[in-house]
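Secondary and tertiary structure notes
Read off the chains here:
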Amino acid sequence: MDIVAILGFDVGGSSIKFSVMTEEGKILRKGSILTPDNLENFYSELIAAKEGLAASYELEGAAFSMPGAVDDESGVIGGASALPYIHDFNIKRALAEKLGMPVTMENDANCAALGEVWLGAAKYCQDVAFLVIGSGVGGAVVKGRRVHHGCHLHGGEFGFMVVDDKGTILSEAASTRALAERVAVAKGMDRNALNGKEVFELQANGDRLAVEAIEEMYDQLARAVYNLQYSLDPELFVFGGAISEREDFVENISRHLHGILEKVKIARVRPQVARAEFGNDANLIGAVYHFLQQKQ
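Everything in this summary refers to the structure shown in the same document. (Residues numbered from 1 in each chain as written. Predicted model: local features only at pLDDT ≥ 70, side-chain atom pairs only at ≥ 80, totals over all residues. Heavy atoms only, no water.)

**Examining the nonpolar core**
Residues L179, V199, M217, L221, F237 and F239 are the most contacted members of the largest nonpolar core, which totals 36 residues. Residue assignment for this core shows that the elements contributing at least two residues are strand 8 (128-133), strand 9 (137-143), helix 4 (170-174), helix 5 (176-186), helix 6 (196-204), helix 7 (208-229), strand 11 (236-240) and helix 8 (249-263). With residues near it in sequence (within four places) discarded, L179 still touches V199, F200, A213, I214 and M217. Counting 30 residues, the second-largest nonpolar core is a separate cluster that includes F9, I16, Y43 and Y57. (Core = buried A, V, L, I, M, F, W, Y, C linked by side-chain atoms within 4.5 Å. Buried < 20%, exposed > 50% of the residue type's maximum accessible area, 1.4 Å probe, protein only. Helix = DSSP H or I, 4+ residues; strand = E, 2+ residues; numbered from the N terminus. Contact = heavy atoms within 4.5 Å.)

Take a look at the structure:
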């Protein structure tokens, strides 16, 4: 038991993924458990996972990826999530006491961004904008390889950006959920009748409504990237979420960016766009990187 490692937890609404990871980012062991529906069982499951692993590894601490407005300094998670029992009290202190070890915690999207900065698509970058496209548009801002939280812990909440004079926000204009709903409604279907994958299948078959909706989504994302380039000025934009795994995703964002830059002649900086390299392990990797940063 001479291997020193860090215990990572990625807490989600339906499952809690866990891992044992070295300080170099090598995953030694990982698994998952169902997310309990109450705080007492939540603690019990975490303790059981820790005790099962402590027999094989010397664990120096636990790193948590959590939903909500995570404040590692105060130990409190604000906002709201699918797990109401983790909010509005010093859960960091409680976890440290229950597990008997140092604990750090960070928001899940921020952890995904840190994972890419540590070992993924942005490993050679200092300043990065990370966007996650799914049921909404979220993300993170990384400055100097550390998360920029903002004074209200809203750094990286790109989905709140307004995209028209009606007050439509980016999450309503460019998420895969919004895409699917837009096409379903245009076809006279129930707004929940389609998902993003099905819309792309329609596009592949030449469906005009799907083609137009997908082009509009790419255009909105490209506009957001352009605007963020000239406000945050990151070295790289990294996209996560299932849609970013499409082979043509970066190409299409870049194509729409080219169209914008053709119109705005004064703009000399061309945003650089990449796909996230990590999937299910991103949050665990980023949580551990955050733990290591807090040690420094």
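There is more to say, and it comes next.
**Quick look at the sheet that holds strand 2 (residues 15-21)**
One open sheet holds the five strands; their spatial order is 3-2-1-4-7, and the pairing between them is mixed. The open sheet has two edge strands with one neighbour each: strand 3 (27-34) and strand 7 (103-107). Each strand axis lies, on average, 20 degrees off the axis of its neighbour in the sheet, ignoring direction. In the sheet, strand 4 (residues 58-66) pairs with strand 7 via five bridges, with the strands oriented parallel. Considered in strand 7, the bridge of F64 is made with M105. Across the sheet, helix 3 (residues 108-119) is in contact with strand 2, strand 4 and strand 7; its angle to strand 7 comes to roughly 100 degrees. (Pairing = 2+ DSSP bridges. Axes fitted to C-alpha atoms, helices over the stretch in contact; angles between N-to-C directions.)

**Side note on the pairing of strand 8**
Strand 8 sits mainly inside the fold: five of its six residues count as buried. Pairing analysis gives six bridges linking strand 8 to strand 9, with the strands arranged antiparallel. In the sheet register, V132 faces strand 9, and the bridge partner there is G138.

**Notes on the sheet that holds strand 12 (residues 273-275)**
Judged by pairing direction, the sheet is mixed, and its five strands sit side by side in the order 10-9-8-11-12 without closing on themselves. Looking at which strands have only one partner, the edges of the open sheet turn out to be strand 10 (146-147) and strand 12. Helix 8 contacts strand 11 and strand 12 of the sheet and is inclined by roughly 165 degrees relative to strand 12.

**Digging into the state of the cysteines**
In the structure shown here, the tally under the stated rule is zero disulfides. Take C125: it sits in no disulfide, and the sulfur closest to it among the cysteines is that of C111, at 19 Å. (Disulfide = S-S within 2.5 Å.)

**Examining the environment of E235**
Structurally, E235 is set in the loop between helix 7 and strand 11. Owing to a relative accessible area of 37%, E235 belongs among the partly exposed residues under this scheme. Placed 111 residues apart in sequence, E235 and Y124 show a C-alpha to C-alpha distance of 9.7 Å. Looking at E235, its side chain comes within polar contact range of the main-chain nitrogen of Q126, at 2.6 Å. Of note is the side chain of E235, whose polar atom sits 2.7 Å from the backbone nitrogen of D127. (Polar contact = N/O pair within 3.5 Å; in protein donor to acceptor, adjacent residues only side chain to side chain.)

What is shown is where atoms sit, not what they do.
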